[in-house]
Protein chains: 2
Amino acid sequence: MEFNRKASLSHTVASNITDLIIGGQYQQGDKIPNEMELIKRLEVSRSTVREAIKTLVSQNILEIRRGSGTFVCDKPGIAEDPLGFRFISDKIGLALDLLEIRLVLEPHIAEKAAERAGDEEIRGIAAQCDVVEELILSGGSYEEEDVLFHTKIAQAAKNAVIPNLIPVINSTIFLLMRVTNTALRKETILTHRAIAEAIQARDGDGARNAMIEHILYNQRFVEKLKSDRETASCGTSVPVNNE
Amino acid sequence: MEFNRKASLSHTVASNITDLIIGGQYQQGDKIPNEMELIKRLEVSRSTVREAIKTLVSQNILEIRRGSGTFVCDKPGIAEDPLGFRFISDKIGLALDLLEIRLVLEPHIAEKAAERAGDEEIRGIAAQCDVVEELILSGGSYEEEDVLFHTKIAQAAKNAVIPNLIPVINSTIFLLMRVTNTALRKETILTHRAIAEAIQARDGDGARNAMIEHILYNQRFVEKLKSDRETASCGTSVPVNNE
């Protein structure tokens, strides 16, 4: 079950393509040359090129769009579950641990966003707040847009790492609990609005405090969920639909 | 350049093996059955099994140890650079952004470690503090053991996510600056000791403050580095050897 010479050559080709992306020759979302061009340019066989592309796809650096070609991913190098959360078996415990991290990180992020955001970013955060609110009011599923709201705030905080980290943490929490709870939905509208308005007013303390309130509410929600489970001890499935 | 049917079958086999690991049938560090056994058990071809194993290796779920077999990784599913830091081109900016996150997260972690650590963990943190100190005093390279010191504190904070996150952040900072600066080494000995002693004394505030001091010093070090670079504007290489 050892890798052969072709495998290590394809590894080199994959590294070369990665270096071109790091060097900026191909940017996020760019189409890379097709198979024939790569064979010619890199002077390797078709099977080596295919192997290299496959490796880069499995590492979330490239994506194949059927019928249109191979492209650099929007967030190159970030796997679907980069921190291996699926290997943590206690899912409610995982949600609480993620919320503990959010409670430490996100109030700081909100404060920095209030201080550092550009006008365009502030408009983007306000608009995203509207999108989430409309989805909640119409009874729709708002999880993805909610993560985007928090990601836009992270981007406005002008730290290159945080926008990569926040979606990883927040999407996982949503994966762990499909939230149809009415009280939680109402609270989300109120505290999201408070966060967006404080950022808009350049009020760092206000943004920090509104974010703390928002996350504390979520935390209490999951803690209640946990104690209900322990009382009922009725199995291990996690999704919540307690409207 | 489309995936063929074999590729999607190998994807299913890879998912099946991943599920066995998530379900606990194979644990971290365990040897998985050899190729022949997998072919028999899963009723697929040798090439499908090989393809599946290759995918899982590229996702850091399995590792092949030559001559002894295929094993579940110690941190399954966590890539070498899970958050795509190599695609961020401003390396000093990246170090500062990572230190900003550390300054938010790690004081909290140190405080929680002081509150939650078991006696065995406290002994482990103290011992690891000694290991780093001896390496620094002997002039050796201590980066890896330093990351382990912070990881042990993260483990003692009893949050399942943080021990996955801290090495990602801290290793990257060390990768960005090979630190041979004498003042920084001395300061590391002092503040590491203060952190370890506060945790040992179950002094949450003390641990928090010592960690803040430790990270602020690192932050100022990198900020000085940045301004020196900007003054000299002498190129883009990052390693530091200014003893």
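Nothing here was measured: the structure is a model prediction, and the numbers come from that model.

Draft legend 1. Seen up close, the overall build of chain A. Tallying secondary structure elements over chain A gives nine helices and two strands in all. Written out in order from the N terminus, the α and β elements of chain A read α-α-α-β-β-α-α-α-α-α-α. Once the C-alpha set of chain A is aligned to its principal axes, its extents read approximately 60 × 50 × 30 Å. Within chain A, the proportion of its 243 residues that are buried is 50%. Here chain A displays about 11,600 Å² of accessible surface, and carbon together with sulfur accounts for 50% of that area. Counting 29 positive and 36 negative side-chain charges, chain A places the centres of these two groups 6 Å from one another.

Draft legend 2. Representation of the packing of aromatic side chains. Taken as a whole and judged by the stated rule, the model has zero aromatic pairs over all chains. A cation over an aromatic ring shows up here: Arg65 of chain A above the ring of Phe71 of chain A, its NZ or CZ 3.9 Å from the ring centre.

Draft legend 3. Structural detail: the interface of chain B and chain A. At the junction of the two partners, chain B supplies 48 residues and chain A supplies 48 residues. Summing both partners gives a buried area of about 4,500 Å² for chain B against chain A, and 65% of it is carried by carbon and sulfur. The tally of links from chain B across to chain A stands at four salt bridges. One salt bridge in this structure joins Glu51 of chain A and Lys54 of chain B, with 3.0 Å as the shortest N-O distance. The tally of links between chain B and chain A comes to 15 residue pairs in polar contact (both at pLDDT 80 or more). Secondary structure elements with two or more residues in the side of chain B that touches chain A: α1 (5-22), α3 (46-58), α4 (91-116) and α7 (162-176) of chain B. Classifying every residue of the side of chain B that touches chain A gives 26 nonpolar, 10 polar and 12 charged.

Draft legend 4. Representation of the domain arrangement of chain A within the structure. Taken domain by domain, chain A holds domain 1 (2-72) and domain 2 (85-234). Computed from C-alpha coordinates alone, the two centres of domain 1 of chain A and domain 2 of chain A are separated by 36 Å.

Draft legend 5. Structural detail: the nonpolar core. Grouped together as the largest cluster of nonpolar side chains are 100 residues, with contacts concentrated most on Ile153 and Ile199 of chain A together with Ile153 and Ile199 of chain B. If sequence neighbours within four positions are ignored, Ile199 of chain B has contacts with Ala110, Ala113, Ala114, Ile122, Ile125, Ile153 and Ala207 of chain B.

Draft legend 6. Summary view of the relation of the copies chain B and chain A. For the pair chain B and chain A, the relating rotation is 180 degrees, the translation along its axis is 0.0 Å, and the fit reaches an RMSD of 0.1 Å. A rotation of that kind, with that shift, is consistent with a two-fold axis. Nearest to the rotation axis, the C-alpha of Pro82 of chain B is located 2.5 Å from it, this being the minimum over chain B. Of the residues that chain B buries at the interface, 100% are likewise interface residues in chain A, meaning the two copies contact each other through the same surface.

Draft legend 7. View of the packing of helix α5 (residues 119-137) of chain A against helix α8 (residues 182-200) of chain A. Residues and elements named next belong to chain A. Remark: α5 packs on α8, axes separated minimally by 10 Å, with the N-to-C direction vectors making an angle of 170 degrees. As summarised for this structure, α5 and α8 are arranged roughly antiparallel, according to the angle between their axes. Contacts between α5 and α8 involve Ile122, Ile125, Ala126, Cys129, Asp130, Val132, Glu133, Leu135, Ile136 and Leu137 on the former and, on the latter, Arg185, Thr188, Ile189, His192, Arg193, Ala196, Ile199 and Gln200. Tallied by class, the residues present in the contact of α5 with α8 amount to 11 nonpolar, three polar and four charged.

Draft legend 8. Focus on the pattern of salt bridges. According to the stated counting rule, one finds 30 salt bridges over all chains in the structure shown. Notably, a salt bridge pairs Glu100 of chain A with Arg116 of chain B, separated by 3.2 Å at the nearest N-O pair. Taken together, the positions of Glu100 of chain A in helix α4 (residues 91-116) and Arg116 of chain B in helix α4 put the pair across two chains. Two residues, Glu133 of chain B and Arg193 of chain B, come together in a salt bridge whose shortest N-O distance is 2.5 Å. Separated by 60 residues along the polypeptide, Glu133 of chain B in helix α5 (residues 119-137) and Arg193 of chain B in helix α8 (residues 182-200) bring together distant segments of the chain. Under the relative-accessibility criterion, Arg193 of chain B is labelled partly exposed at 23%.

Draft legend 9. Here's a closer look at the side chain of Thr188 of chain B. Residues and elements named next belong to chain B. Along the chain, Thr188 falls in helix α8. The class for Thr188 is buried, based on a relative accessible area of 3%. At a separation of 2.7 Å, a polar atom in the side chain of Thr188 contacts the main-chain carbonyl oxygen of Leu184. Not counting the four nearest positions on each side in its chain, Thr188 is found in contact with Ile136, Tyr142, Asp146 and His214.

Draft legend 10. Quick look at the packing of helix α6 (residues 143-156) of chain B against α8 of chain B. Residue and element names in this part refer to chain B. For the pair α6 and α8, the least separation of the axes is 12 Å and the interaxial angle reads 20 degrees. Considering the angle they form, α6 stands roughly parallel to α8. Between α6 and α8 lies a crossing of left-handed hand. Of the residues in α8, those touching α6 at Asp146, Phe149, His150 and Ile153 are Thr188, His192, Ile195, Ala196 and Ile199. Along the lines of polarity and charge, the residues of the contact of α6 with α8 split into five nonpolar, three polar and one charged.

Parameters at a glance
- Residues numbered from 1 in each chain as written.
- Chains lettered and ligands numbered in written order.
- Predicted model: local features only at pLDDT ≥ 70, side-chain atom pairs only at ≥ 80, totals over all residues.
- Heavy atoms only, no water.
- Helix = DSSP H or I, 4+ residues; strand = E, 2+ residues; numbered from the N terminus.
- Buried < 20%, exposed > 50% of the residue type's maximum accessible area, 1.4 Å probe, protein only.
- Areas by Shrake-Rupley, 256 points an atom, 1.4 Å probe, with all protein chains shown as cover.
- Lys, Arg positive; Asp, Glu negative; His and termini not counted.
- Charge placed at Lys NZ, Arg CZ, Asp CG, Glu CD.
- Phe/Tyr/Trp six-rings, centres within 6.5 Å; stacked < 30°, edge-to-face > 60°.
- Lys NZ or Arg CZ within 6 Å of the ring centre and 35° of its normal.
- Contact = heavy atoms within 4.5 Å.
- Buried area = accessible area lost by both parts, 1.4 Å probe.
- Salt bridge = Lys/Arg side-chain N within 4 Å of Asp/Glu carboxyl O.
- Polar contact = N/O pair within 3.5 Å; in protein donor to acceptor, adjacent residues only side chain to side chain.
- Nonpolar A, V, L, I, M, F, W, Y, C, P; charged D, E, K, R; others polar.
- Domains from an automatic or database assignment.
- Core = buried A, V, L, I, M, F, W, Y, C linked by side-chain atoms within 4.5 Å.
- Least-squares fit on C-alpha atoms with pLDDT ≥ 70 in both.
- Axes fitted to C-alpha atoms, helices over the stretch in contact; angles between N-to-C directions.
- Parallel < 35°, antiparallel > 145°, perpendicular 65-115°, else oblique.
- Left-handed = near helix turned anticlockwise from the far one by under 90°.

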